[in-house]
Amino acid sequence: MSMNVLNLPTPSFMQDEDIVLFNDSVAKWIDDHAPPEKFAQWIAASSVPRGLWNAAGDAGLLGVSMPEEDGGFGGDYRHEVVIMQQLGWKGADHFGISLHNAIVMPYIWHYGTEEQKARWLPRLQSGELVGAIAMTEPGVGSDLQGVKTTAIKKGDHYVLNGSKTFITNGQLANFIIVVAKTDPSEGSKGMSLICLETDGAEGFERGRNLHKIGMEANDTSELFFNDVKVPLENAIGGSEGQGFVQLMQQLPQERLNIAIQGCAAAERGLEATLAYVKERKAFGKRVIDFQNTQFKLAEIKTKLTVARVFVNHCIEQHLQGKLDAATASMAKYWVTDIQGETIDEMLQLFGGYGYMTEYPIAQLYKDARVQRIYGGTNEIMKLLIARTL
Ligand SMILES: Cc1cc2nc3c(=O)[nH]c(=O)nc-3n(C[C@H](O)[C@H](O)[C@H](O)COP(=O)(O)OP(=O)(O)OC[C@H]3O[C@@H](n4cnc5c(N)ncnc54)[C@H](O)[C@@H]3O)c2cc1C
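So, how was this worked out
- Residues numbered from 1 in each chain as written.
- Predicted model: local features only at pLDDT ≥ 70, side-chain atom pairs only at ≥ 80, totals over all residues.
- Heavy atoms only, no water.
- UniProt positions renumbered as here; feature names shortened; annotations may be inferred.
- Helix = DSSP H or I, 4+ residues; strand = E, 2+ residues; numbered from the N terminus.
- Buried < 20%, exposed > 50% of the residue type's maximum accessible area, 1.4 Å probe, protein only.
- Contact = heavy atoms within 4.5 Å.
- Near = heavy atom within 4 Å.
- Polar contact = N/O pair within 3.5 Å; in protein donor to acceptor, adjacent residues only side chain to side chain.
- Areas by Shrake-Rupley, 256 points an atom, 1.4 Å probe, with all protein chains shown as cover.
- Nonpolar A, V, L, I, M, F, W, Y, C, P; charged D, E, K, R; others polar.
- Expected span 1.5 Å × (residues − 1).

In the nomenclature of an unreviewed UniProt entry, the chain is known as Acyl-[acyl-carrier-protein] dehydrogenase MbtN of Brevundimonas terrae. Annotation of the chain in UniProt includes, under Sequence similarities (unreviewed entry), the sentence "Belongs to the acyl-CoA dehydrogenase family." Turning to the chain, the UniProt record has this under Pathway (unreviewed entry): "Siderophore biosynthesis; mycobactin biosynthesis."

(A) Focus on the environment of Phe73. With respect to the element layout, Phe73 can be found in the loop between helix H3 (50–58) and helix H4 (77–89). Exposure remark for Phe73: the relative accessible area of 48% places this residue in the partly exposed category. Each C-alpha atom, one on Phe73 and one on Gly60, is 8.4 Å from the other, the two residues being 13 residues apart in sequence. Leaving out residues up to four positions away in the same chain, Phe73 has contacts with Gly60, Leu62, Val64, Met66, Glu68 and Gln125.

(B) Main features of the side chain of Ser46. Along the polypeptide, Ser46 turns up in the loop between helix H2 (36–45) and H3. With residues up to four places along the chain from it excluded, the contact list for Ser46 reads Asn209, Glu216, Ala217, Asn218 and Asp219.

(C) Molecular detail of the site of the ligand. Near the ligand there are 18 residues, and of these Met135, Thr136, Ser142, Thr377 and Glu379 occur at the shortest range. Taking Gly141, its main chain carries an N or O atom lying 3.4 Å from an oxygen atom of the ligand. Starting from 970 Å² of accessible surface for the ligand in isolation, the protein chains cover 64%. At the level of elements, strand E1 (131–134), strand E3 (157–168) and helix H11 (378–386) are the ones that each hand at least two residues to the shell around the ligand. For the shell around the ligand, a count of residues per class yields ten nonpolar, six polar and two charged.

(D) Molecular detail of H4. With 13 residues, H4 should cover 18 Å at 1.5 Å per step; its first-to-last C-alpha distance of 18 Å lies within 8% of that length. The N-cap residue of H4 is Asp76: its side-chain oxygen and the backbone nitrogen of Arg78 are 2.8 Å apart. Looking one or two places after H4, you find Gly91, whose phi comes out positive at around 70°.

See below:
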């Protein structure tokens, strides 16, 4: 259940037989469908192929934590943890499945009407629909209450106007939760979550697939809404003005996801670094034989162990419904800072090879940077924590 690079026991909540079996099947699925050589092609193409989503749906990986009463397989957040960890450990975490599964779909099963659940969940589960959530705008990121996109009621539909940017899965998504003001005269109280099925939606346009310094195989895009008609039945839960509250309730899980991904990526880095320093020679010795290397790696292993123990604590809290926003923010900010710091130090131990993109540590270095930015910047995490002081 782990990379064994930290010598930590598997937490008891991850030891159930079905979780262990699921872990093995996810590992095999990634080996078969998203091996490193394919990922290299997808990085060059700046996107995974659309078919990967359908294959994930066929394998039962989409919506894996959806409750049984909504048609799910009886999975829970532990199954999402398995997917996120395996993708991270295998270097396949550009595939935006955790956003689809553990961010987008829960909005529907938590807040959707029965009609909305029936209309969307099976199609999100099969891969017919690929999910995205569009909060950020060119002029508004951290200060979410200031979104300018509007969804104004007109007869039996809303008219959606505005633009979004940096949207994960933005090129492939055909189901987008749009954060919009249904009452532009209000701040947070005027915000609603409006679902847009993009196939055939007039006035909807995708901008560029944005060029990023890392996470290249994830399609990240601008989206434009120009008088797009959306049926009134597409406001999540059939309600207006609840968007901000719903976002605030769900963002702790998004932040925990990022922390879990951060741990998995840094653990992968440590495994790769250990293998490298045991092979590479300088001054007639292996690089690991220098005391500096041993001390650096001892520090890194300690930091990653502390991070993992805290993240496991947060997962356990979350499984019991007790993870609060401030603790999730601590995990997001602290783990992603540690991820960036340790991967930078690991890269140093590779010397010049660490700077070459064909070495996984270079990719991990590039990918780590955004972790401190998205899902709420680490500064915003500190604001949330500071409120509890
Ligand atoms: C690869 C990638 C994927 C993304 N995916 C998505 C997605 O799927 N959906 C989505 O909606 N968004 C997504 N985002 C957007 C992301 O969530 C935002 O970039 C982030 O929230 C920051 O907003 P901003 O870029 O507008 O920065 P700004 O809000 O302009 O912040 C600029 C700087 O000011 C600091 N700052 C702002 N306010 C304060 C404050 N009150 N106190 C102290 N410092 C402050 C910030 O921390 C930051 O350092 C993604 C971004 C990236 C890069």
